Amino acid sequence: MSRHRIFTITGGRTGTAWIASLVRENSDCPAVHEQIGVDDFGTRTPDIRTLRHFNTYGMTPLIKQFWRTKFSLLPDVPTYFESSHPLAKAGLIEALAEQSKDRASILLLRRDWQDQIASYLDRGDFDRIANVWLWFLDPKNPRRIVDPAKLLNLGTLGMAVWYAAEIEARQEYYRCLYGDRFDFIDCKLETLTTAAGAGALMSRLGFTASPKVPPKRNAKRVGPKKLQHERLRLVLAKWRFDPLAAAQRFIDAGKSLHQPAEGPKRSSVGKMSAVSVQRTN
């Protein structure tokens, strides 16, 4: 049976729950947001070790085994949709290329940075390192595309800005490396939540072109941290970031997120070369 697998590369707080409900309410396709049951971590969802291991050592046997388990647990259906954002931060694209013969579509899901990063700050997502390790990315990870040095003096605000930049750079990195293997689809949350935007995406994925658009999910901010929001606005006004250029420099320098897969060993991590930051809207 020919099978179609649909996943995302995104940062979270970008509409992952909403887009799963869009697919679920307008198709017969199993549409999963996040699998967070007691037995799901380490099998269906990356746990802390899996995420830190990939972003430290690359595509090691431990990571490959996680993906063999993950893929074996997917339902044997014509189309499967999962919008969980930790997957692509733990070797999803590499594993699909190496272990799967199924057709795959990868949604490059983005959101306006002011709203996206403000959401991280309101919820305190980068306040606790264990939370960062489990759901996001640690800027101290050896394998990264964007150099965080110029941002870390801003505290958790800088970490959140770095993370948003790193995810967009990884979107372009994977498109550069695997654009001839998978169907990469650009998605902007602000467009998707309109009837026209939702219809265009659903049609491209092979579903109904006239979907019922669900209401927004998880959109309410936890608290009105107006001072942080203003600081964020000022930082973003000065920042210029080009994710494609950052990804291309990383690739041209002979670097990768997955090689060499040598396994754990103690070593010092050299300083990364500075990445010029230019954001294109």
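Residues numbered from 1 in each chain as written. Predicted model: local features only at pLDDT ≥ 70, side-chain atom pairs only at ≥ 80, totals over all residues. Heavy atoms only, no water.

1. A look at the overall build of the protein
So, point 1. Looking only at helices and strands, the protein features eleven helices and five strands.
So, point 2. With 281 residues in all, the protein has 54% of them scored as buried.
So, point 3. When the accessible surface of the protein is summed, it comes to about 13,000 Å², and 51% of that surface belongs to carbon and sulfur atoms. (Helix = DSSP H or I, 4+ residues; strand = E, 2+ residues; numbered from the N terminus. Buried < 20%, exposed > 50% of the residue type's maximum accessible area, 1.4 Å probe, protein only. Areas by Shrake-Rupley, 256 points an atom, 1.4 Å probe, with all protein chains shown as cover.)

2. Section: the environment of Pro 46
So, point 1. You can see Pro 46 is positioned in the loop between β2 (31–32) and α2 (48–57).
So, point 2. Each C-alpha atom of the pair Pro 46 and Ile 36 lies 9.8 Å from the other, and the pair is ten residues apart in sequence.
So, point 3. Residues contacting Pro 46, with those up to four places away along its chain left out, are Phe 41, Leu 51, Phe 66, Pro 86, Leu 87, Ala 90 and Leu 134. (Contact = heavy atoms within 4.5 Å.)

3. Notes on the packing of aromatic side chains
So, point 1. Taken as a whole and judged by the stated rule, the model has 18 aromatic pairs.
So, point 2. Ring geometry for Phe 126 against Tyr 163: centres 5.5 Å apart, planes inclined by 55°, an arrangement best described as tilted. Here Phe 126 is found in the loop between α5 (113–123) and α6 (129–135), whereas its partner Tyr 163 is found in helix α7 (residues 156–178), with 37 residues between them in sequence. In this structure, Phe 126 and Tyr 163 share a single accessibility class: buried.
So, point 3. Summarising the aromatic geometry, the rings of Phe 182 and Phe 184 are spaced 6.5 Å apart at their centres and angled 70° between planes, so their arrangement reads as edge-to-face. The same class applies to Phe 182 and to Phe 184, which are both buried.
So, point 4. Positioned over the ring face of Trp 133 is Arg 52, at 3.7 Å from the centre of the ring. (Phe/Tyr/Trp six-rings, centres within 6.5 Å; stacked < 30°, edge-to-face > 60°. Lys NZ or Arg CZ within 6 Å of the ring centre and 35° of its normal.)

4. Some remarks on the side chain of Asn 26
So, point 1. The residue Asn 26 is located in the loop between α1 (16–25) and β2 in this model.
So, point 2. The class of Asn 26 is buried, set by a relative accessible area of 14%.
So, point 3. Among the polar contacts made by the side chain of Asn 26, one reaches the main-chain carbonyl oxygen of Leu 22 at a distance of 2.7 Å.
So, point 4. Setting aside anything within four residues of it in sequence, one finds Asn 26 in contact with Met 202, Thr 208, Pro 211 and Lys 212. (Polar contact = N/O pair within 3.5 Å; in protein donor to acceptor, adjacent residues only side chain to side chain.)

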